[in-house]
Amino acid sequence: MKKDIAAGLEKAGVAHAERHLFLCLGPDCCDDSEGERVWDYVKKRVRETGLKAMRTKAGCFRICAGGPWLVVYPEGTWYGEVTPKRFERILEEHLLGGKPVEEWLVARNDLGCSQTG
């Protein structure tokens, strides 16, 4: 494997990640600046807590309303209208505590990840 690819995989945390967080930043589901503000908060808090999670920002999930959207895999939990304050609760209760914030869950789809062989 090329050194630059190996470095990128290491930086992204692929080998050690337990979750993958996808954040939709709009432009249609929310204001771009709002999405970026949430993204900056997510990055900061994931780093500060040492959460073993990769994070990816997306330009559009094609929902186009009720964003910013956060999807957490492997659980496949979808949260809408994510703000820094909401993310903090999702972080504490779901990502660190293991219990999704049911009142904010909009959808679930683990893409078959929970099925056993």
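Given the structure is predicted, the values throughout are model-derived calculations rather than measurements. (Residues numbered from 1 in each chain as written. Predicted model: local features only at pLDDT ≥ 70, side-chain atom pairs only at ≥ 80, totals over all residues. Heavy atoms only, no water.)

Chemist: Residues and numbers for the pattern of salt bridges, please.
Modeler: Inspection of every chain in the model, using the stated rule, returns eight salt bridges. For the salt bridge of Glu-92 with Arg-45, the shortest nitrogen-to-oxygen distance reads 3.7 Å. Of the two residues, Glu-92 sits in helix α3 (residues 84-96) while Arg-45 sits in helix α2 (residues 32-49), which places them 47 residues apart along the sequence. On the basis of relative accessibility, which here comes to 13%, the residue Arg-45 falls in the buried class. (Salt bridge = Lys/Arg side-chain N within 4 Å of Asp/Glu carboxyl O. Helix = DSSP H or I, 4+ residues; strand = E, 2+ residues; numbered from the N terminus. Buried < 20%, exposed > 50% of the residue type's maximum accessible area, 1.4 Å probe, protein only.)

Chemist: Now, about the packing of aromatic side chains: what can you tell me, with residues and values included?
Modeler: According to the stated counting rule, one finds four aromatic pairs in the structure shown. Between Tyr-41 and Phe-87, the aromatic rings sit 6.4 Å apart at their centres with planes inclined by 85 degrees, giving edge-to-face as the arrangement. One end of the pair, Tyr-41, is in helix α2; the other, Phe-87, is in helix α3, with 46 residues separating them in the sequence. The class for Phe-87 is buried, based on a relative accessible area of 0%. Residues Phe-61 and Trp-78 carry aromatic rings whose centres are separated by 5.5 Å and whose planes lie at 65 degrees to one another, so their mutual orientation is edge-to-face. Placement of the pair is Phe-61 in the loop between β2 (53-58) and β3 (69-73) and Trp-78 in strand β4 (residues 77-79), with a sequence separation of 17 residues. Over the ring of Trp-104 we find Arg-89, and its NZ or CZ is 4.8 Å from the ring centre. (Phe/Tyr/Trp six-rings, centres within 6.5 Å; stacked < 30°, edge-to-face > 60°. Lys NZ or Arg CZ within 6 Å of the ring centre and 35° of its normal.)

Worth remembering: the numbers are spatial, not functional.
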